[in-house]
Amino acid sequence: MASDPYKVVSMIYDHMMHRLSYNEWANYIIDIKTFYKDDAEKFLEVACGTGKLNTYLEKSFNDIVLLDISKSMLDVIPSDRKRVCADMTRQPFKSNFDFIYSTFDSINYITDEEEIVRYMWGIRNILSDDGIFTFDASLENNSIKNVKRLNRINKFKGIEYKQVSKYEKDFRLHRNSFRMKLANGEIIEEVHTQKIYDFEFYFDAGERAGLHVLGCFEAFTFEDANDESERIQFIMKKL
Ligand SMILES: C[S@@+](CC[C@H](N)C(=O)[O-])C[C@H]1O[C@@H](n2cnc3c(N)ncnc32)[C@H](O)[C@@H]1O
């Protein structure tokens, strides 16, 4: 059976996570939960990928639902976990969650401003009354600073890959193209496109979706972010 390019790229991203481990990322999410919604009981991870973060969070968060659009990535997660294959901009849930989180600039995969508002509106509608929504977003300085480093040829677990990374400033699109040669000789290609929105845009989008920004931090810290930041962490709740 042919391999799913998205899943292989995800494995490559996992491999690249040496600069910051999922363990540290999980600790940051736990700190946010402890500060803003310590009594949370129902959790939703949006765009969970292969569930890497969840392996660290499930020890601390009891009742977690994991959502992603890629079935083959969800298939990597043990079947006794609650997994839902759905588009994050079309939430399938009727029930509420106390703490909804999404990591690794997954929001930047939504490449249309109105779709971001729709996404946030969907989240708002499944948040409990004093529930918290937290996510990180990549800003332009992250693209500019890292674009060179992301052009590379590498090898891991028998997969040889070439990554070409290009930031199209005029369109504010960051494209990462992967050409991968698997251990069995199969060649697969995949392009990931992310939209790089303005710092201020997220505040407007949240407000339009009925969400209030409680905090916007330099990612992995609790220091206020600004439009020069590279990765920012939003904390939102219902208006
Ligand atoms: C960079 S990965 C991050 C995965 C995971 N959050 C992590 O930290 O390892 C982005 C994820 O967003 C998912 N994704 C992209 N568009 C989506 C959509 N419209 N709805 C749900 N998931 C989506 C992809 O399938 C992928 O798993």
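To keep things clear, this report deals only with the structure shown in the data block.

Scoring rules and cut-offs
- Residues numbered from 1 in each chain as written.
- Predicted model: local features only at pLDDT ≥ 70, side-chain atom pairs only at ≥ 80, totals over all residues.
- Heavy atoms only, no water.
- Helix = DSSP H or I, 4+ residues; strand = E, 2+ residues; numbered from the N terminus.
- Buried < 20%, exposed > 50% of the residue type's maximum accessible area, 1.4 Å probe, protein only.
- Polar contact = N/O pair within 3.5 Å; in protein donor to acceptor, adjacent residues only side chain to side chain.
- Contact = heavy atoms within 4.5 Å.
- Expected span 1.5 Å × (residues − 1).
- Pairing = 2+ DSSP bridges.
- Axes fitted to C-alpha atoms, helices over the stretch in contact; angles between N-to-C directions.
- Near = heavy atom within 4 Å.
- Areas by Shrake-Rupley, 256 points an atom, 1.4 Å probe, with all protein chains shown as cover.
- Nonpolar A, V, L, I, M, F, W, Y, C, P; charged D, E, K, R; others polar.
- Phe/Tyr/Trp six-rings, centres within 6.5 Å; stacked < 30°, edge-to-face > 60°.
- Lys NZ or Arg CZ within 6 Å of the ring centre and 35° of its normal.
- Salt bridge = Lys/Arg side-chain N within 4 Å of Asp/Glu carboxyl O.

**A word on the side chain of Ser138**
Phase 1: Examined against the element boundaries, Ser138 turns out to sit in strand β5 (residues 127-138).
Phase 2: Since its relative accessible area comes to 6%, Ser138 is described here as buried.
Phase 3: Side chain to side chain, Ser138 and Asn142 meet in a polar contact 2.8 Å long.
Phase 4: Once you skip the residues sitting within four places of it in the chain, Ser138 turns out to touch Asp105, Asn108, Ile196 and Glu230.

**Focus: helix α5 (residues 113-125)**
Phase 1: Between the first and last C-alpha of α5 there are 19 Å, a value that for 13 residues agrees with the 18 Å anticipated at 1.5 Å per step.
Phase 2: For α5, the full list of buried residues reads Ile116, Val117, Tyr119, Met120, Gly122 and Ile123.
Phase 3: Against the buried residues of α5 lie β1 (42-46), β4 (97-102), β5, α7 (199-208), β10 (211-218) and β11 (231-238).
Phase 4: For α5, the side-chain oxygen to backbone nitrogen distance between the N-cap and Glu114 is 3.0 Å, and the N-cap itself is Asp112.

**Describing the sheet that holds strand β9 (residues 187-195)**
Phase 1: Taken together, four strands build an open sheet; the order of strands is β6-β7-β8-β9 and the sheet is antiparallel. The two strands at the open ends of the sheet, each matched to only one other strand, are β6 (152-156) and β9. Neighbour-to-neighbour, the strand axes of the sheet open up by a mean angle of 20°, direction not taken into account.
Phase 2: Strand direction decides the pairing type here: strand β7 (residues 159-168) and strand β8 (residues 173-181), joined by nine bridges, are antiparallel. For Lys166, the partnering residue across the bridge sits in β8 and is Arg175.

**Here's the deal with the site of the ligand**
Phase 1: Taken together, 16 residues sit near the ligand, with Tyr22, Ala47, Asp68, Asp87 and Met88 positioned nearest.
Phase 2: For the ligand, an oxygen atom lies 3.5 Å from a polar atom in the backbone of Gly49.
Phase 3: Taking 600 Å² as the accessible area of the ligand by itself, protein coverage stands at 92%.
Phase 4: A breakdown of the residues in the shell around the ligand according to their chemical character gives ten nonpolar, four polar and two charged.

**Here we look at the environment of Phe156**
Phase 1: By secondary structure assignment, the location of Phe156 is in strand β6.
Phase 2: Spatially, the C-alpha atom of Phe156 lies 40 Å from that of Gly206, the residues being 50 residues apart in sequence.

**A look at the packing of aromatic side chains**
Phase 1: One pass over the full model with this rule turns up 23 aromatic pairs.
Phase 2: With a centroid separation of 5.7 Å and an interplanar angle of 65°, the aromatic rings of Phe201 and Tyr202 are classed as edge-to-face.
Phase 3: The class of Tyr202 is buried, set by a relative accessible area of 0%.
Phase 4: In this structure an aromatic cluster arises from ring pairing among Tyr119, Phe133, Phe135, Tyr197, Phe199, Phe201, Tyr202, Phe203 and Phe234.
Phase 5: Over the aromatic face of Phe97 sits the side chain of Lys42, whose NZ or CZ is 5.3 Å from the ring centroid.

**With respect to the pattern of salt bridges**
Phase 1: Scanning the entire structure with this criterion turns up 19 salt bridges.
Phase 2: Two residues, Lys37 and Asp130, come together in a salt bridge whose shortest N-O distance is 3.1 Å. Placement of the pair is Lys37 in the loop between α2 (22-36) and β1 and Asp130 in strand β5, with a sequence separation of 93 residues.
Phase 3: For Asp130, a relative accessible area of 42% puts it in the partly exposed group.
Phase 4: Here Lys82 ties to Asp63 by a salt bridge, and the two come within 2.5 Å at their closest N and O atoms. Taken together, the residues Lys82 in strand β3 (residues 82-85) and Asp63 in strand β2 (residues 63-68) connect sequence positions 19 residues apart.
Phase 5: One network of salt bridges, with partners in common, ties together Glu140, Lys169, Arg172 and Asp198.

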